Amino acid sequence: MTITSHVPMVRTCRLRISIAVVFLALVLVAYDAGAQQSSPDFEDRVRDWQSQLKDAAAALEANFADADLDAVTGRLKQLTQQAQETKAVAETRLETAQGELGMLGEPPAKGEPAEEPELAKLRRELQRRIAQAKVHVTLADLVTSQANDLLSAIAAREEARVQAEFLQHTPPPIWPSVWRQAAADALAFANRVLTSPITWWQTRKQQEEVPFSQLWLLLLLPVVGLVIGWPIRHFLLARLGRNPLEPEPTYVRRIVKVFVDGLANSIVPVVIILLVTGVLAWLGVLTGLFAYLIYAIAVAIAVFLMVYGLSRAALSPQLVQWRIVPVEPAYTGKLLRAVGTVAGLLAISMVLLATAQTSRHLTPALEAVFFLAQATSTALALAWLLTPKYWSSSIAASQRLGTAEEHAEVLEAEKADEEPADEPRSIRLVRALRGLVLLTPILALAGYGWLAYYLQSRLMATGALVGLALLLRLGLREALEHLLTGRQRKRRKSSRRAAGNDPDAGVKIMVYWAGLGIDILLLVPLVYLLLLIYGVPLTTLGLWTQRLLAGITIGNITLSLTDILIALVVLVLGVLFTNLVRHWMATRLLPNTRLDTGARDSIAAGTSYVGVAIAILLAIASLGIDFSSLALIAGALSVGIGFGLQNLVQNFAAGIQLLVERPIKVGDWIIVGATQGTVKRISVRSTEIETFDRCSIFVPNSDLISNHVANWTHRNRVARLILPVRVALGSEPSQVEEVLLRCAREHRHVLRFPESYVWFRGFGEWALNFELRVYIDDADNWITVDNGLYFAIEVALREAGIVIPFPQRDLHIRGDQDENLQLDDEKRPRLRS
């Protein structure tokens, strides 16, 4: 097949190469004139690059008639890598020379005294280095550009070849003449295939090269294969196979055991086939079309046996806990037959197609009829395989249905009560794929048999790859969760959930983000494999990857995907390391000092902020961004930040001020407006205050700086507690004072100094008013002290005979002249004395 769609691009590349060669010569001349001293190694390298570019362009224009495509592509990629390395070295030298020249300052102007000869010589040397480095950078960029143009042309050629291959048009098999011609060609092909053994025998007999003395080995090969394969099968099933008594194997174990079981069940015939074909190839007995036919059939049978064995192990009709495919158990037998049919049709079609192409009997008419038959039979078999009722929504749902026999009994019992239900998304996807597969024979009927074969084979390969990726995803996520949570995860989870907390909240977050990383790691190779399967050339994929990793240039800043990923890794590792250092300081280092809790927390928080700032600066540096450019950008954005993010910047500055001046610190009991509680955390933007009702309130840091804040525990934790006490009129004040002070002295949280005292506040309408004022060791204990003292005071007053009164009011009733005020005995109020 001749591809001509790439010729204009080849001519364009040829013209560009010619222009590049002239430009290279001009640059070298300028280099010799400006630098005064050239590097022989660099000149030889440039000439070698020119030669390689010319050879690649010539090979491409000749359609790779006398050159190997992979070798040319490899040399161009190597050339690009060498040019980039040369550019990197030259840029480093250029920056160094420019820095040294900048240190010398500007040269003397006209009329000014000349500089020292040594300085003038050094300046000329630095200017020569700068000119040389600039030439190297320019040449490396030019070579890279020309090599990429050639690679693009090669990729376009490969894409055109693939498109032309699968868009071949044959006579539509709807005309009787096509069928008559196909029948004649098929008879000729069948005659060639059936007579190939006779032809082979006659040829070898004429050459007298039939090794009868060695053919007896073929009779022993099945026995040898059985002797070798059966112990291997027994070992795999006994030591590495599935255990029927294991209740809940993990996904990783299921996947591994399924592959082991499928391999073990097909190992014996596969070993026999490999031994027979290997010995035949070693002896050189088979030749010609007969040899190709035998080898193709042997490979097809081996692949069929392995696919069928793996499918049976994956469906697992009886061992429910080892099933890795979401199927309806009652239909596993039909699914196995469908898989066998699809695999058998593919094996037969591949053998026939390869043999027909090798024997040169694949005429257009035979090709059209063959692809119509192949596409139709394969589409029907795939439609059978993709029957929606055969598939379940998930592996767990399939396992809950039990074995094939158990599910069949359930289906029989539920036939009468069956009601239509909404199909899961996965079942709707299966139905859509089934409809798409059934449309492929239309392409073969229109004369695009290769395209129909291409779509069917790629859809099956896509399903296999996506299914394998999903299984790996489930297994890796499960293994990651077990690794992070440990064996005691369920026990801890149940114990803490009763208290209203989720002990695995942090682990769940880690599992989520790590699982997201696993998804990305699986998605990238999956996409690459699918692109290769669907015909995208490796050269095109390499160019796409190179352009993706090369990034974009904005002014003097180049941002690439690689740099961004490295910056993210540096940032994440820096933040993690900062958190580890903060945790170590908070739990190990600072508790062994004499600093109070607030000071320790401020130091740890400050360390965290500094570490995060350093991590951000390192991430920016790994992006290749110059800090002088960053300063210009920050200056340009300062006005917008001043207006749009004024509150954020103000709160950030206030947070830094709180950490430095420490008017409040973690653990302080403060009152801000109507809010009071304990400071739990001081962050960059706000401060978290936990009220005594266990409610978290976030107060902006600027409010704590600009407003009045009452801090009960700023200098120390000692607090004064006032307890009002009322006793009955007529009680002895000195006795009351003695009782109250005794209760205060007996409480363990009341300090001896400052000393507690009783304040006689005065006489009330119905009681004597006292206040017991005590100093407690920690303000956090005020509820405990308040409650305990009142209990003790009540008991002590009762034992001392001192009455705690309640509000009283004396009511005096006068006689009235009005007769209407006469009250009955039942309505007369009863007064207490």
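Residues numbered from 1 in each chain as written. Predicted model: local features only at pLDDT ≥ 70, side-chain atom pairs only at ≥ 80, totals over all residues. Heavy atoms only, no water.

### Quick look at the overall build of the protein chain
Under the convention used in this document: Strands are runs of DSSP state E lasting at least two residues, helices are runs of H or I lasting at least four, and both sets are numbered from the N terminus onward. For every residue, the accessible area obtained with a 1.4 Å probe (protein chains only) is divided by the maximum for its type, and the residue is called buried under 20%, exposed over 50%, and partly exposed between those limits. Residue contacts are counted whenever heavy atoms from the two residues lie within 4.5 Å of one another. For accessible areas, the Shrake-Rupley method is used with a probe of radius 1.4 Å. Any residue's cover is judged against the shown protein chains and nothing else.
In terms of regular secondary structure, the protein chain is built from 24 helices and 10 strands. By the burial criterion, 36% of the 833 residues in the protein chain qualify as buried. Restricting the contact set of the protein chain to residue pairs at least 6 apart, pairs at least 24 apart contribute 73%. Total accessible area on the protein chain stands at roughly 50500 Å², and carbon and sulfur atoms take up 61% of it.

### Remarks on the packing of helix α7 (residues 251-283) against helix α8 (residues 288-315)
As a reminder, the rule being used: Geometry is summarised by axes, namely lines fitted to C-alpha atoms with helices restricted to the contacting stretch, and by angles between N-to-C directions that run from 0 to 180 degrees. Reported orientations rely on four angle classes, namely roughly parallel under 35 degrees, roughly antiparallel over 145, roughly perpendicular from 65 to 115, and oblique for the rest.
One way to put it is that α7 packs onto α8 with a least axis distance of 7 Å and a crossing angle of 170°. As the angle between them shows, α7 and α8 are arranged roughly antiparallel. For the pair α7 and α8, contact is made by Val 258, Phe 259, Asp 261, Gly 262, Leu 263, Ser 266, Pro 269, Val 270, Ile 273, Thr 277, Leu 280 and Ala 281 and by Tyr 295, Ala 298, Ile 301, Ala 302, Leu 305, Met 306, Gly 309, Leu 310, Ala 313 and Ala 314, respectively.

### Considerations on the sheet that holds strand β9 (residues 757-763)
Note the following rule: Pairing between two strands is assigned when DSSP locates at least 2 bridges connecting them.
Spatially, β8-β10-β9 is the arrangement adopted by the 3 strands of the open sheet, whose pairing is antiparallel. A single partner strand is all that each edge strand has here, and the edge strands are β8 (719-728) and β9. Strand after strand, the sheet turns through a mean of 20° between neighbouring axes, direction not considered. Two strands pair when backbone bridges link them, and β8 and strand β10 (residues 767-776) are joined in this way by 10 bridges, in the antiparallel orientation. Within the sheet, the bridge partner assigned to Leu 721 lies in β10 and is Val 774. Sheet contacts for helix α23 (residues 733-746): β8, β9 and β10; angle to β10, the most-contacted strand, approximately 25°. Against the sheet, helix α24 (residues 782-799) contacts β8 and β10, and its axis sits at roughly 25° relative to β8.

### Topic: the pattern of salt bridges
What counts is decided by this rule: Just to be clear on terms, a salt bridge is a Lys or Arg side-chain nitrogen sitting within 4 Å of an Asp or Glu carboxyl oxygen.
For the structure shown, the criterion picks out 20 salt bridges. A salt bridge links Lys 87 to Asp 141; the nearest nitrogen and oxygen atoms lie 2.9 Å apart. You can see Lys 87 sitting in helix α3 (residues 69-104) and its partner Asp 141 sitting in helix α4 (residues 117-166), a full 54 residues away along the chain. For Asp 141, a relative accessible area of 31% corresponds to the partly exposed category. The shortest N-O distance in the salt bridge between Arg 473 and Asp 519 comes to 2.8 Å. Highlighted residues: Arg 473 in helix α14 (residues 449-485) and Asp 519 in helix α16 (residues 505-533), separated in sequence by 46 residues. According to the relative accessible area criterion, Arg 473 is partly exposed, its value standing at 30%. Residues joined by salt bridges that share partners form a network here, namely Glu 100, Glu 125, Arg 128 and Arg 129.

### Notes on the nonpolar core
Within soluble globular proteins, side chains that are nonpolar tend to cluster in buried spots. Heads up, the rule is: What is meant by a nonpolar core is a set of buried Ala, Val, Leu, Ile, Met, Phe, Trp, Tyr and Cys residues, joined one to another through side-chain atoms within 4.5 Å.
Counting residues in each nonpolar core, the largest one holds 26 residues, and the members touching the most others are Val 727, Leu 740, Phe 770, Leu 772, Val 774, Ile 793 and Leu 797. At the level of secondary structure, the elements contributing two or more residues to this core comprise β8, α23, β10 and α24.

### Section: α7
Here is the rule we go by: Every helix has an expected span of 1.5 Å times one less than the residues it contains. Working definition for bend: take the seven residues up to and ending at a residue and the seven starting at it, fit an axis to each, and measure the angle between the axes.
The terminal C-alpha atoms of α7, which comprises 33 residues, lie 45 Å apart, in line with the 48 Å expected from a rise of 1.5 Å per residue. A bend of about 55° at Ile 267 is the largest found in α7, and the proline Pro 269 appears one to four places after it. Just downstream of α7 lies Gly 284, where phi reads positive at about 70°.

### Observations concerning the pairing of strand β4 (residues 675-682)
Relative to β4, strand β3 (residues 669-672) is paired through 4 bridges, and the arrangement is antiparallel. The residue bridging Ile 671 from the neighbouring strand is Gln 676, located in β4. Between β3 and β4, which pair antiparallel and follow one another directly, the connecting turn spans 2 residues, one of which, Gly 673, has a positive phi of 65°. Pairing geometry for β4 and strand β5 (residues 686-690), over 4 bridges, is antiparallel. The residue bridging Ile 682 from the neighbouring strand is Thr 687, located in β5. Where β4 hands over to β5, the hairpin turn is made up of 3 residues, counted between the paired strands.

### Some remarks on the side chain of Gln 456
The topology assignment puts Gln 456 in helix α14. Residue contacts for Gln 456: discarding those within four places in its chain leaves Gln 374, Ala 375, Thr 378, Ala 379 and Thr 440.

### Concerning unusual backbone geometry
With omega at 0°, the peptide bond leading from Phe 753 into Pro 754 counts as cis. With respect to the secondary-structure elements, Pro 754 resides in the loop between α23 and β9. Of note in this structure, Arg 360 is not a glycine but carries a positive phi near 60°. Relative to the assigned elements, Arg 360 resides in the loop between α9 (332-359) and α10 (364-385). Although it is not a glycine, Arg 694 sits at a positive phi angle of roughly 65°.

### So, a nonpolar patch on the surface
The cut-off we apply is this: Each patch is built from salt-bridge-free residues with over 30% relative accessible area, joining like charges within 9 Å and nonpolar side chains (Val, Leu, Ile, Met, Phe, Trp, Tyr) within 5 Å.
Taken together, Ile 509, Tyr 512, Trp 513, Leu 516, Ile 520, Val 524 and Tyr 528 make up a surface patch of nonpolar side chains, about 710 Å² in accessible area. Examined against the element boundaries, Trp 513 turns out to sit in helix α16.

### A closer look at the sheet that holds strand β6 (residues 696-700)
Spatial ordering of the open sheet is given by β6-β5-β4-β3-β7, a layout of 5 strands whose pairing is antiparallel. Taken across any chain shown, the strands that pair with only one partner, and hence form the sheet edges, are β6 and β7 (710-711). Inspection of the sheet shows β3 paired to β7 by 2 bridges, in the antiparallel sense. In the sheet register, Ile 670 faces β7, and the bridge partner there is Asn 711.

### Some remarks on the packing of aromatic side chains
Threshold: Ring geometry is summarised as follows: Phe, Tyr and Trp rings, the Trp one being its six-membered ring, pair when their centres sit within 6.5 Å, and such pairs are stacked at plane angles under 30 degrees, edge-to-face over 60 and tilted between the two.
Throughout the structure, instances matching the rule amount to 16 aromatic pairs. Consider the rings of Phe 371 and Trp 450, whose centres lie 4.9 Å apart with planes at 55°: the pair is tilted. With a gap of 79 residues between them, Phe 371 in helix α10 and Trp 450 in helix α14 connect regions that are remote in the sequence. The exposure class assigned to Phe 371 is buried, which follows from its relative accessible area of 1%. Looking at Trp 450, the relative accessible area reads 9%, which means it is buried.

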